[in-house]
Amino acid sequence: MRKVSITDFYVMKGMLFPTAALCLVIGIVMAFWMKTPAIAGVPLAMFIPYTVVMNQWAIDEKSGWGSFRLAMAETRNNLVNARYGEMVLYLVMAGVLGWLICVGVDWVMRAAGFPIDAFGSPGLNVSPLMVYLVISVSSALLIGLAIAVSMPLLAAFGGLKGIMLIPVFTMMASGMLLKGIFTVGKSIHFGDFAKSAFPLLAATQDGMLVLIMLIGSIFISLCLVVSWLVARRLYKVREF
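This text gives an overview of the structure that appears in the document. (Residues numbered from 1 in each chain as written. Predicted model: local features only at pLDDT ≥ 70, side-chain atom pairs only at ≥ 80, totals over all residues. Heavy atoms only, no water.)

Moving on, we get to the overall build of the protein chain. Counting its secondary structure elements, the protein chain contains seven helices and zero strands. Start at the N end of the protein chain and walk to the C end: the helices and strands fall as α-α-α-α-α-α-α. A burial count over the protein chain gives 39% of its 240 residues as buried. Restricting to contacts in the protein chain with at least 6 residues of sequence separation, those with at least 24 account for 79%. About 13,400 Å² of surface is accessible on the protein chain, with carbon and sulfur atoms providing 75% of the total. (Helix = DSSP H or I, 4+ residues; strand = E, 2+ residues; numbered from the N terminus. Buried < 20%, exposed > 50% of the residue type's maximum accessible area, 1.4 Å probe, protein only. Contact = heavy atoms within 4.5 Å. Areas by Shrake-Rupley, 256 points an atom, 1.4 Å probe, with all protein chains shown as cover.)

Below, the discussion takes up the pattern of salt bridges. For the structure shown, the criterion picks out one salt bridge. Asp106 is the salt-bridge partner of Arg110, the closest N and O atoms lying 2.9 Å from each other. On the criterion of helical spacing, the pair formed by Arg110 and Asp106 is a turn pair, its members being four residues apart in helix H4 (residues 76-111). When its relative accessible area of 12% is taken as the criterion, Asp106 is described as buried. (Salt bridge = Lys/Arg side-chain N within 4 Å of Asp/Glu carboxyl O.)

On to the nonpolar core. With 42 residues, the main nonpolar core has Val53, Trp57, Met87, Ile147 and Met151 as its most contacted residues. Mapped by element, the contributors of at least two residues to this core are helix H1 (2-34), helix H2 (42-63), H4, helix H5 (128-188) and helix H7 (205-236). Sorting elements by how many residues they give to this core places H5 first, with 13 residues. Residues contacting Met151, with those up to four places away along its chain left out, are Val53, Trp57, Arg83, Tyr84, Met87, Ser227 and Ala231. (Core = buried A, V, L, I, M, F, W, Y, C linked by side-chain atoms within 4.5 Å.)

By secondary structure assignment, the location of Ser150 is in helix H5. A distance of 2.6 Å separates a polar atom in the side chain of Ser150 from the backbone oxygen of Ala146. (Polar contact = N/O pair within 3.5 Å; in protein donor to acceptor, adjacent residues only side chain to side chain.)

An ideal rise of 1.5 Å per residue puts 52 Å on 36 residues; H4 measures up with 52 Å between its terminal C-alpha atoms. Positioned one or two residues after H4, Gly113 has a phi angle of 70°, which is positive. (Expected span 1.5 Å × (residues − 1).)

What follows is the structure, given as structure tokens:
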């Protein structure tokens, strides 16, 4: 598993760093153009993990590495395990780096005297740092959901065939998820439920946002676990 991850990194590093630099430039330009640092880290938080996923499987298929790997000591399960471990690492790093970029751009804009739009709405009393954290983490979690949907398709059909099915299944899963969230939240009166179940976190708006991020992280983690189990099974019976 460790050998697979090291190999993947060496294969992807030529694409990873230029893509990260491009995402950083795009985020900074968007932040100054829209006068808010809150979106500066979004391109990196969203595009890096997903770009890595797509390219790893596509490169494997184009080079015929999938069939060649069967003659080596690494098992199919090791490959899937390594790919999911890498994705979790990329998602965490993307969320953290996205937040740090937002904080850095905020500092630069304030130091340069550049105008910054107000955060949130008049009834929302949260700190800018919390706004940056929520946006960065939410971006990484959305991509985590997309990865959870995509990986089994890539494991079953490869990077070239599977990519044709990914947009449809991702949109369907996202739509059902949002519908489910609104339905459940409305039925259990989430605000009242949070105040009774987690009084310390729900006492402030910052705490409520932290609670929402924790719940979202747990849910996406469960989605990734299910996705991992399905991908292992599909890749195990895949013919090359």
